[in-house]
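Fold and contact review
Listed here are the chains, written in short residue letters.
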Amino acid sequence: MRKKAAFALLFTFAFVLTGCMNDVAELYEGHAYDTGVFSENYYSTWNDSLKNSVATVAKTYDVTSINSFQIDKDEDFNQLWEPDGYRSGTTEPYSFLRDTPHEDAGYGYGPSNNLISIDDAFARGFLSRLYDGRIQCDGYYAKSRVQIDGAGYGALFPKEMVNYRYFALSVRGADMSVNNNFFVNVNINLTFYVYNHDIALYVPYLFQMKNLPIKTNYNSQVTIFGFYFAGVMGADVNLLKRASGMSITFSLEGDYEDYTIDREDTTEGKEHFALMLYEVLLPKSTWN
Amino acid sequence: MDLKKRLYALVDKYDALIIFLVIECLALTAFSLADANIIFRYLGFLISLVLIPFALMFTSKREWLSLGLFSIPLVIIAFLTGFSTFTLSMGFGTLDNLSVVLGTLAFFFLGFAVRRVRKFKIDIALLAIGAAMALLVFLGLIYSLYQYGPFHASLYEGLVYYYDGRLFVVSEETKWLLGFSFVEISINYVSLFGAMLSTALTALLYISPKTEPRKFAIVAVIGLIGLLSIVLIPNIEALILLIPVFLFALGYRFIRSREKVGIVVQYAFFALLGIAGIALLVVILNNAGVSFIRNALAGNAFLNRLFNTNRIMSPVNAVLAPMFTAGGFFGFPITYIDGLVANTGAFEFEIVKEGGLLAFLAIIAFLLLVIFSLARYSAKSPDKGHIKIVILSLLIAVFLNGSLLWDTFPLIYESDYYFSFFRSAPYLIVLFLIGYAYYPLSGKPLIEEPEEIVLASETANADHLANSDEEEIKL
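Now for a description of the structure that goes with this document. (Residues numbered from 1 in each chain as written. Chains lettered and ligands numbered in written order. Predicted model: local features only at pLDDT ≥ 70, side-chain atom pairs only at ≥ 80, totals over all residues. Heavy atoms only, no water.)

1. Some thoughts on the overall build of chain B
- When helices and strands are counted, chain B shows 20 helices and 4 strands.
- A burial count over chain B gives 54% of its 475 residues as buried.
- In chain B, of all internal contacts separated by at least 6 residues, the share reaching a separation of at least 24 is 73%.
- With an accessible surface of roughly 20,400 Å², chain B has 70% of that area assigned to carbon and sulfur atoms.
- Each charge class in chain B can be summarised by its mean position, and for the 32 positive and 34 negative side chains these summaries are 7 Å apart. (Helix = DSSP H or I, 4+ residues; strand = E, 2+ residues; numbered from the N terminus. Buried < 20%, exposed > 50% of the residue type's maximum accessible area, 1.4 Å probe, protein only. Contact = heavy atoms within 4.5 Å. Areas by Shrake-Rupley, 256 points an atom, 1.4 Å probe, with all protein chains shown as cover. Lys, Arg positive; Asp, Glu negative; His and termini not counted. Charge placed at Lys NZ, Arg CZ, Asp CG, Glu CD.)

Written as structure tokens, this is what we have:
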């Protein structure tokens, strides 16, 4: 009996001492990335594995206006393949503006298709802002956006992607000027990483989303850009199975001499331009 | 008389079963199994019905009268926390609301009546409550240590993390088994349970580890789980609130000349009561809009700071002021959002939201009656020292935690989910103990009159008891 009690005690201590401590794994001082000072709020974190253990790009795909979609309002959801743009079981398109997580599920596009609602493993961490279904700035401004410079960010997913249908990114542009309501053309490089156990490296698959007209200082309005994997990758579509990481970088397309997209650039007269990411969506994906 | 004999025989036959049911009900409530307090309230009500014959047989008329007067505020509390503008607008549901009324009265009555069952031992009931609650707290503690590590509230003080796109302060939360899953909950909520368990340690002042090693070990484990659940977070405020509890226990155990000290304590208590009463009256009149009080407070910088603009009084005023309006008289409707979200941290003021002015006055009256009853219980009851010290310490601990650290919105991720103190498991346990420790404000309970105990224990004397005792209720 005493041995059993001692074993139970030992097991308990072992459990505690080897605790995962998940809940304190990613902590920040105060309101991280929400200081109200533009230059302090860049999120530029790259997972070490995506910096140091990456193979050369396996394949590059061009995402063009032909094989992609761009959504600014409810009617634009009809660009999606059926029945993706419609509320479940109806012919009513999703609401672009209704994006209160949970409450607007089944009605708003973001709340109905976000990654957290697909798998709650996405709920933890700063990047949960990109997975929560808030696709725009509606007063939750600082609570939902992730501000990046050209070098972007790279993160591992909490699980591996098993099935996937299409990708969507809710985004807007911002600079520190007083100018309002204009577009900046941007090339977004989206990379998915699939871990190859044989070479112990992450193999990147690059999607170049070129010349996207980004609403900038546009009353905080966003645009959803996206593409169907089958539409862009064709027969290669299965290559992304077990993808476990993703990165986003960007560059400016065109003549923007007065802009810099390097957060460290202190050149006088240069205006800092940043992308404000609101949501990364992989609707109808499954994860393992 | 046949009926009476038959009743005695019935009572003798089924008392063990009734005791088992009572203890089972208390243990399930203390463990908050499946977070199904509604079921435990109804269960308590059903068991209390069974206990009615016991109460009728072993309670004198004078006691019934005293109990009736004592219970008036509790009846008001029960009805107004069950059915009010607040509960109706929150949509709790009629069955749930009815269970609050019945459960509140039933758990108090359970404590009162079960003491009349001869074979009932409060030691066992306290151990069952302690063990069940300790298991609940232990599970939360282990999972919390697993997820945060020890001392996370200090080590990561002020640090935040993100969940579901939202920001949370890690040092304000811990893990808790709610229903069948773990949730993130405020450390103050958990510390209430920890404080209740910690009071078991006070019993060790009476239990000898040499002569009663088993009891000593069980009580120590229960108490330590409670204490560790506070220390390992750590919740400094809850730890500070344990100091007066343990000081009281030490004083209760070791001060020899109790009568002399008792008089001093009595004077000090009445002095404190007077000051608190005047302060409360000023606060109430201020919120009732009595102009000369309001102007006097607002016109003096110190008084204004004391009664209006400090961080304790601001939420209290936000709650008290609406109770004088027609809409808030019987609890707040959902439109009284400022009053509803004001975090007073005190169940005495939270009841205003739930039941309005009458409930507020009733809880104040009930608290006073309980204090007087407990003082008599402490001085007069033949219960063993370790029983009395645990009951008194536990009630003091709940009073302090409930008055200063009660968190109405303890769920971290569902911060709009209202937790009512008057629908909680600790409240039911406390009511049971108040009922158990209930002592008439004059005279002794019938069960503690030596001759009555003898009479009650011997069926043969039943007739004599029924014929001779004028005070016993006629069946």
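Moving on from the model shown.
2. Quick look at the pairing of strand S6 (residues 166-175) of chain A
All names here are of chain A.
- Within S6, 10 of the 10 residues are buried, which leaves it mostly tucked inside the rest of the structure.
- Where burial is concerned, the two faces of S6 agree: the one with Tyr166, Ala168, Ser170, Arg172 and Ala174 and the one with Phe167, Leu169, Val171, Gly173 and Asp175 are both buried.
- Summarising the sheet, S6 and strand S9 (residues 223-228) pair through 6 bridges and their orientation is antiparallel. Paired with phenylalanine 167 across the two strands is phenylalanine 227, which belongs to S9.
- Judged from the 8 bridges that link them, S6 and strand S12 (residues 271-281) form a sheet pairing that is antiparallel. Paired with valine 171 across the bridge in S12 is leucine 277. (Pairing = 2+ DSSP bridges.)

3. Considering helix H11 (residues 258-288) of chain B
All names here are of chain B.
- In a regular helix each residue adds 1.5 Å, so 31 residues correspond to 45 Å; H11 covers 42 Å between its end C-alpha atoms and thus fits that length.
- Taken residue by residue, H11 has Val282, Val283, Ile284, Asn286 and Asn287 as its buried positions.
- Directly beyond the C-terminal end of H11, a positive phi value near 85 degrees is found at glycine 289. (Expected span 1.5 Å × (residues − 1).)

4. Digging into the interface of chain B and chain A
- Each partner contributes residues to the interface: chain B has 23 residues there, and chain A has 29 residues.
- Across the chain B/chain A interface, buried area totals approximately 2,200 Å², and carbon plus sulfur atoms make up 61% of it.
- Together, Tyr146(B), Tyr162(B) and Asp164(B) form the three largest contributors to the area buried by chain B at its contact with chain A, with a combined 35%.
- Applying the counting criterion to the chain B and chain A interface returns 1 salt bridge.
- With its nearest N and O atoms 2.4 Å apart, the salt bridge here joins Asp23(A) to Lys175(B).
- Within the residue set of the side of chain B that touches chain A, elements represented by two or more residues are helix H6 (122-148), strand S1 (159-163), strand S2 (166-169) and strand S3 (173-178) of chain B.
- Top contributing element to the side of chain B that touches chain A by residue count: H6(B), with 6 residues.
- When the residues that make up the side of chain B that touches chain A are grouped by side-chain class, the tally is 14 nonpolar, 4 polar and 5 charged. (Buried area = accessible area lost by both parts, 1.4 Å probe. Salt bridge = Lys/Arg side-chain N within 4 Å of Asp/Glu carboxyl O. Nonpolar A, V, L, I, M, F, W, Y, C, P; charged D, E, K, R; others polar.)

5. Looking at the sheet that holds strand S1 (residues 28-29) of chain A
- Taking strand neighbours across the sheet as the criterion, the 3 strands line up as S1(A)-S1(B)-S2(B) in an open arrangement whose pairing is antiparallel. Each edge of the sheet is formed by a strand with only one pairing partner; in this case those strands are S1 of chain A together with S2 of chain B.
- Of the strand pairs in this sheet, S1(B) and S2(B) are connected by 4 bridges, and their pairing is antiparallel. Of the residues in S2(B), the one forming a bridge with Val160(B) is Val169(B).

6. With respect to helix H18 (residues 425-437) of chain B
- An ideal rise of 1.5 Å per residue puts 18 Å on 13 residues; H18(B) measures up with 18 Å between its terminal C-alpha atoms.
- Most of H18(B) is tucked away: 13 of the 13 residues are buried.

7. Observations regarding the packing of H11(B) against helix H16 (residues 347-380) of chain B
All names here are of chain B.
- Where H11 contacts H16, the axes come no closer than 13 Å and their chain directions differ by 165 degrees. When the interaxial angle is binned, H11 and H16 end up roughly antiparallel. Crossing angle aside, the handedness with which H11 passes H16 is left-handed. Where H11 abuts H16, its residues Phe269, Phe270, Leu273, Leu280 and Ile284 lie against Phe349, Phe360, Ile364, Leu368, Ile371 and Phe372. (Axes fitted to C-alpha atoms, helices over the stretch in contact; angles between N-to-C directions. Parallel < 35°, antiparallel > 145°, perpendicular 65-115°, else oblique. Left-handed = near helix turned anticlockwise from the far one by under 90°.)

8. Remarks on the nonpolar core
- If you look at the biggest cluster of nonpolar residues, it comprises 119 residues, and the most contacted ones within it are Val22(B), Leu51(B), Phe120(B), Ile122(B), Trp176(B), Ile391(B) and Phe432(B).
- Among the elements that take part in this core, H16(B) stands out by supplying 15 residues, more than any other.
- Ile122(B) has contacts with Ile387(B), Ile391(B), Phe432(B) and Tyr436(B), leaving out every residue within four places of it along the chain.
- Counting residues in hydrophobic clusters, the runner-up holds 66 residues, among them Phe126(A), Val186(A), Tyr148(B) and Ile412(B). (Core = buried A, V, L, I, M, F, W, Y, C linked by side-chain atoms within 4.5 Å.)

9. What to know about unusual backbone geometry
- A cis amide bond links Glu82(A) to the next residue, Pro83(A), at an omega of 0 degrees.
- Relative to the elements of secondary structure, Pro83(A) occurs in the loop between strand S3 (68-71) and helix H3 (109-113).
- Across the junction of Ile233(B) and Pro234(B), the peptide omega takes the value -15 degrees, indicating a cis bond.
- Here Pro234(B) is to be found in the loop between helix H9 (213-231) and helix H10 (236-254).
- The residue Lys284(A) is not glycine, and still its phi comes out positive at about 65 degrees.
- Mapped onto the elements of the fold, Lys284(A) is located in the loop between S12 and strand S13 (286-287).

10. Overview of the environment of Tyr14(B)
- Inspection of the secondary structure puts Tyr14(B) in helix H1 (residues 2-31).
- For Tyr14(B) and Val316(B), which are 302 residues apart along the polypeptide, the C-alpha to C-alpha distance reads 49 Å.

11. Brief notes about the environment of Asp383(B)
Residue and element names in this part refer to chain B.
- Tracing the sequence through the fold places aspartate 383 in the loop between H16 and helix H17 (385-404).
- Residue class for aspartate 383 comes out buried when judged on its relative accessible area of 17%.
- The sequence separation of aspartate 383 and isoleucine 38 amounts to 345 residues, and the corresponding C-alpha distance is 32 Å.
- A polar side-chain atom of aspartate 383 sits 2.7 Å from a polar atom in the side chain of tyrosine 377. (Polar contact = N/O pair within 3.5 Å; in protein donor to acceptor, adjacent residues only side chain to side chain.)

12. Quick word on the packing of aromatic side chains
Residue and element names in this part refer to chain B.
- Within this structure, the stated rule accounts for 73 aromatic pairs over all chains.
- Ring centres of phenylalanine 409 and tyrosine 418 lie 5.6 Å apart, and the angle between their planes is 80 degrees; this geometry places the pair in the edge-to-face category.
- Note on phenylalanine 409: relative accessible area 23%, which makes it partly exposed.
- Tyrosine 418 gets classed as buried once you look at its relative accessible area, which sits at 9%.
- Here the guanidinium or amino end of arginine 115 rests over the ring plane of tyrosine 436, the centre of that ring lying 5.3 Å away. (Phe/Tyr/Trp six-rings, centres within 6.5 Å; stacked < 30°, edge-to-face > 60°. Lys NZ or Arg CZ within 6 Å of the ring centre and 35° of its normal.)

13. A closer look at a nonpolar patch on the surface
All names here are of chain B.
- Among the surface-exposed residues, Leu65, Leu69, Ile72, Ile76, Phe330, Leu358 and Leu361 lie close enough to one another that they form a single nonpolar patch of about 630 Å² accessible area.
- Contributing elements (two or more residues each) for the nonpolar patch: helix H3 (61-82) and H16.
- The element best represented in the nonpolar patch is H3, accounting for 4 residues.
- Mapped onto the fold, isoleucine 72 is located in helix H3. (Patch = residues over 30% accessible without salt bridge, like charges linked within 9 Å, V, L, I, M, F, W, Y side chains within 5 Å.)

14. Looking at the pattern of salt bridges
- Counted according to the given criterion, the structure contains 24 salt bridges over all chains.
- Glu92(A) is the salt-bridge partner of Arg87(A), the closest N and O atoms lying 3.7 Å from each other.
- Given the relative accessible area of 18%, Arg87(A) is considered buried.
- Judged by its relative accessible area of 43%, Glu92(A) is partly exposed.
- The partner of Lys215(B) in a salt bridge is Glu212(B), and the shortest N-O contact between them spans 3.7 Å.
- Exposure remark for Lys215(B): the relative accessible area of 22% places this residue in the partly exposed category.
- In this structure, a network of salt bridges that share partners links the residues Asp23(A), Arg124(A), Lys175(B) and Glu184(B).

15. Thoughts on the side chain of Lys175(B)
- In this structure, Lys175(B) sits in strand S3.
- Note on Lys175(B): relative accessible area 2%, which makes it buried.
- Separated by 2.4 Å, the side chains of Lys175(B) and Asp23(A) make a polar contact.
- Engagement of the side chain of Lys175(B) in a polar contact is seen with the side chain of Glu184(B), the distance being 2.4 Å.
- Setting aside residues up to four positions removed in sequence, Lys175(B) forms contacts with Asp23(A), Gly140(B), Tyr143(B), Ser144(B), Gln147(B), Tyr148(B), Val183(B), Glu184(B) and Val190(B).

Honestly, it's all geometry; don't read function into it.
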